[in-house]
Amino acid sequence: MPKAYVFTRYGGPEAEALVEQDRPSPGAGQVLVAVRAAGVNPVDWKQRTGYRRPGAAARELPAVFGNEVAGVVEETGPDVTGFAVGDEVFGNPVTGGYADYALLPTTVTAHKPAALSFTDAATLPVAAATAYDAIHQLGLPSGATVLITGAGGGVGVAAAQIAHVLGLRVVGVASDGKKDFVESLGAVHVPSGPGLAERVAAASDGVDGVLDLVGGEVLEAAATLLADRTKLITGADRETVARLGGAGVERARTAAVLDEVARLVVDGRLRPFVTGTFPLDRAAEALRTVEDGHARGKIVIEVAR
C-alpha cells in the first residue's frame, strides 16, 4: 500500500502519523504523480495547528502534509492537455506531498527541466515561487535596497538571490549563527533581535522596500525604516502589515512562475540550497528541523521508488 505522512487532528507533533492509504485518482484537470521529492516548509506544520490561507477551505482529516513536490506523471485526469504519463514535473499538490503519490492541478504544475534534479525541483513551488512573486510585487528599480527579514530560511534565501538577479542590493536579517550563510548570498547581514531598526540603519544607506518573513515585532521594527509603506510586504503576518499600511505577498500560483524559477536554477542564477534530506519514513524529523526554526535553506523529503 502507498504511504503518506499525515496529521490526524489539529494540534502538535503528537497528531502526526505515517499511514497507508489508497492511491488517489486524478480528477478533471489533474495529474497523478509518483512523488520523488517533497519540499518541507513552515506552512506545513502551521496547517497542522489549524492555520488556513485566506479563503482556503478546511482540510479533510486525516490530511497529508506538504505543499510542493516533484515526480513523474503516472496518470492523467479528464480534460488534461500538455502532460502525459512519464513526464517529469513539479508543482503544488492538492492532496499533500509527503507521500508516495500526489494529485497536482495542471494550473500549478510545470515540466521539470532535465538539468534540474527532483530534489531541487521540489524546493521551487512554495519557497522560490513565493520569493519570485514577492520581489516582483515590490517593484523596486535596479540599484534600490531591499530589506529581507528571515533571510536564512527557504523563502528568504530565494528572495535574496532573485533580488540580485533584478539588480537590487540586499540587507538580510537573520540570527548570528546564519551570518556567513546570509553573506554567501551577497547580502549585508544584520543580526535579529531588539534594536533591529538601528542596526539596519547603521549597516545601510536606507532601505527602499521590505520583504518580511517573520512578522510581529520584527515586522513592526522594519516598517519604521520606510517612508513609503506601499513598499512593505509580508509573507508571515497579514494582520500586522495591514495595520502598518503594507500588504501581504500576492501569490500568482501559475505554471509560468514555476517555469521561470526553474529557468533561473538551470541558468545558475538561483541556488535551491538544499541543506538536508530525509526519507519518507523520517518525515517527522524533517518537519521538526523546520518547525524548530533552525534550518538553513531548504529541507527535502526524498521518496524512494
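A brief look at the structure comes next.

How each quantity is defined
Residues numbered from 1 in each chain as written. Predicted model: local features only at pLDDT ≥ 70, side-chain atom pairs only at ≥ 80, totals over all residues. Heavy atoms only, no water. Phe/Tyr/Trp six-rings, centres within 6.5 Å; stacked < 30°, edge-to-face > 60°. Helix = DSSP H or I, 4+ residues; strand = E, 2+ residues; numbered from the N terminus. Buried < 20%, exposed > 50% of the residue type's maximum accessible area, 1.4 Å probe, protein only. Core = buried A, V, L, I, M, F, W, Y, C linked by side-chain atoms within 4.5 Å. Contact = heavy atoms within 4.5 Å. Expected span 1.5 Å × (residues − 1).

In this section: the packing of aromatic side chains. For the structure on display, the rule yields five aromatic pairs. Relative to Phe 273, the ring of Phe 181 lies with its centre 5.2 Å away and its plane at 85°, an arrangement referred to as edge-to-face. Here Phe 181, found in helix α5 (residues 179-184), pairs with Phe 273, found in the loop between α9 (255-266) and β15 (274-279); they are 92 residues apart in sequence, far enough to count as distant. Across the pair, exposure class does not vary: Phe 181 and Phe 273 are buried alike. Each residue in the set Tyr 5, Phe 7, Tyr 10, Phe 65 and Tyr 98 is aromatic and connected to the rest through ring pairs, giving one cluster.

Before going further, it helps to spend a moment on the nonpolar core. By size, the foremost hydrophobic cluster in this structure holds 49 residues, and its most contacted members are Phe 90, Leu 124, Val 146, Ile 148, Leu 211 and Leu 270. Listing elements by their share of this core, those giving two or more residues are β5 (69-76), α2 (118-121), α3 (124-138), β9 (145-149), α4 (154-165), β10 (169-174), α5 and α9. The biggest single contributor to this core is α3, with nine residues. The contacts of Leu 211, once residues within four sequence positions are left out, are Ala 134, Ile 135, Leu 138, Val 146, Leu 147, Ile 148, Thr 149, Ala 159, Ile 233 and Val 249. The next biggest cluster of nonpolar side chains, apart from the first, holds 27 residues, and it includes Phe 65, Leu 280, Ala 295 and Ile 299.

Attention now goes to unusual backbone geometry. Following Leu 61, the chain continues into Pro 62 via a peptide bond in cis, with omega recorded as 0°. Of note, Pro 62 is situated in the loop between α1 (42-48) and β4 (63-64). Even without a glycine there, the phi angle at Asp 79 is positive, about 65°. Looking at the element boundaries, Asp 79 is found in the loop between β5 and β6 (88-91). In the Ramachandran plot, Phe 273 falls in the positive-phi region, its phi being about 55° despite a non-glycine side chain.

In this section: α4. Taking 1.5 Å of rise per residue, 12 residues should cover 16 Å, and α4 covers 17 Å from first to last C-alpha, within 8% of that figure. Counting buried positions over the 12 residues of α4 gives nine, a clear majority of the element. Along α4, the positions that sit buried rather than exposed are Val 155, Gly 156, Val 157, Ala 158, Ala 159, Ala 160, Gln 161, Ile 162 and Ala 163. For α4, the secondary structure elements touched by its buried residues are α3, β9, β10, α5, β12 (209-212) and α9. With its phi angle positive at about 80°, Gly 167 sits one or two positions after the end of α4.

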